[in-house]
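Examining the three-dimensional arrangement
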Amino acid sequence: YTILSKVHSDRNVYPSAGVLFVHVLEREYFKGEFPPYPKTGEISNDPITFNTNLMGYPDRPGWLRYIQRTPYSDGVLYGSPTVENVGKPTIIEITAYNRRTFETARHNLIINIMSAEDFPLPYQAEFFIRNMNVEEMLASEVLGDFLGAVKNVWQPERLNAINITSALDRGGRVPLPINDMKEGVYVMVGADVPFSSCLREVENPQNQLRCSQEMEPVITCDKKFRTQFHIDWCKISLVDNTKQISTFQEVIRGEGILPDGGEYKPPSDSLKSRDYYSDFLITLAVPSAVALVLFLILAYIMCCRREGVEKRNMQTPDIQLVHHSAIQKSTKELRDMSKNREIAWPLSTLPVFHPVTGEIVPPLHGDSYDNTSMPLMQTQQNLPHQTQIPQQQSAGQY
């Protein structure tokens, strides 16, 4: 079900298409490529990281993935080869970096993908294991235990591990670093027999309702996995390729379908000169001429077709003109009166005759006198034509 190999210089491996491929990059092997510690007899534990890429390209093929948690752990190449790469050798360049001495070592891994006779398996099931990380699941003994549990439940004749994917690659969130929480991993397996009744229990309406309510469904065979693997049965996916309907439809040419134009012929390098004078007339001259004509018509209507004041007065009734003239005259008179308005003086502050001679006192100001700035009340000292009355002296001075 899987191909597991140690890393060596220019190592050839022969995985099968559609079957999980795992290749371990062991740090112990690359330690011999780097100089040891200065002290003799001391065990070297250099931090080593790996970089993997397809020869001549900056990254790996799309089906191949790589993971290494820390510089003190082994790296793992894993993935499921595709049928398109069958018969084509894939050379992966492996570069090891010693983070202590900054030295590098390079090896080539030649992957020769072989075709599998029983591929693809028609019945495929994908499980989501919550208590595992991808590098833990890639270990041969752990993956073997899981496939053994699936085989015990499914009872197939042929069972293969097709692919393993981390939950982070499916849009999952990084777990909190508490209680030793795991990221989770998706494991897809394929078999040659239909799904067992235990696996079909996840499709029951009762279990579907419990999953919609975020409750754990009731699966009879869950106890066979629970001892080592915590499976989320709400995320299991069952695919029956025997019932897959082909989505390919023959194109029937008719209305809405363009005819086949044959092979594409690009334009030649020598292009003929083109006269844009007619295009200029159509895009600029014609709209400008239309706008000018409309402007002249509007100017004639606004300026040359005015009736005038005399014609308006001739067509207006006389009584209306009289009323209009009276209103204008009254308005003008009110405005003139507001300019020359006078404030009436209180009689208590104005003497009507001279206190000595008894003559009538003339007005204090003329008609043209501007008294808008004068106060309403004036004291007797401010008034002209007023005789000062001598103050009564004490009896001792007479």
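Residues numbered from 1 in each chain as written. Predicted model: local features only at pLDDT ≥ 70, side-chain atom pairs only at ≥ 80, totals over all residues. Heavy atoms only, no water.

**Let's talk about the overall build of the protein chain**
- Helix and strand content of the protein chain: nine helices and 12 strands.
- Sequence separation of 24 or more characterises 65% of the internal contacts of the protein chain that already satisfy a separation of 6 or more.
- Accessible surface, the protein chain as shown: approximately 28,300 Å² in total, 55% of it carbon and sulfur. (Helix = DSSP H or I, 4+ residues; strand = E, 2+ residues; numbered from the N terminus. Contact = heavy atoms within 4.5 Å. Areas by Shrake-Rupley, 256 points an atom, 1.4 Å probe, with all protein chains shown as cover.)

**Observations regarding the sheet that holds strand β8 (residues 104-111)**
- Strand order in the open sheet formed by four strands is β2-β8-β7-β4, and the pairing between neighbours is mixed. Of all strands in the sheet, those with a lone pairing partner are β2 (11-13) and β4 (48-54), marking the two edges. The average angle at which neighbouring strand axes cross in this sheet is 25°, direction not considered. (Pairing = 2+ DSSP bridges. Axes fitted to C-alpha atoms, helices over the stretch in contact; angles between N-to-C directions.)

**Looking at unusual backbone geometry**
- Backbone geometry places Phe102, a non-glycine residue, at a positive phi of 60°.
- In this structure, Phe102 sits in the loop between β7 (90-98) and β8.
- Even without being glycine, Glu214 reaches a positive phi, approximately 60°.
- The topology assignment puts Glu214 in the loop between α5 (205-212) and α6 (223-226).

**Some points on the UniProt feature "transmembrane region" (unreviewed entry) in the protein chain**
- Mapped onto this numbering, the UniProt entry annotates "transmembrane region" (unreviewed entry) at residues 280-303.
- Secondary structure content for residues 280-303 is 100% helix and 0% strand, and the end C-alpha separation is 33 Å. (UniProt positions renumbered as here; feature names shortened; annotations may be inferred.)

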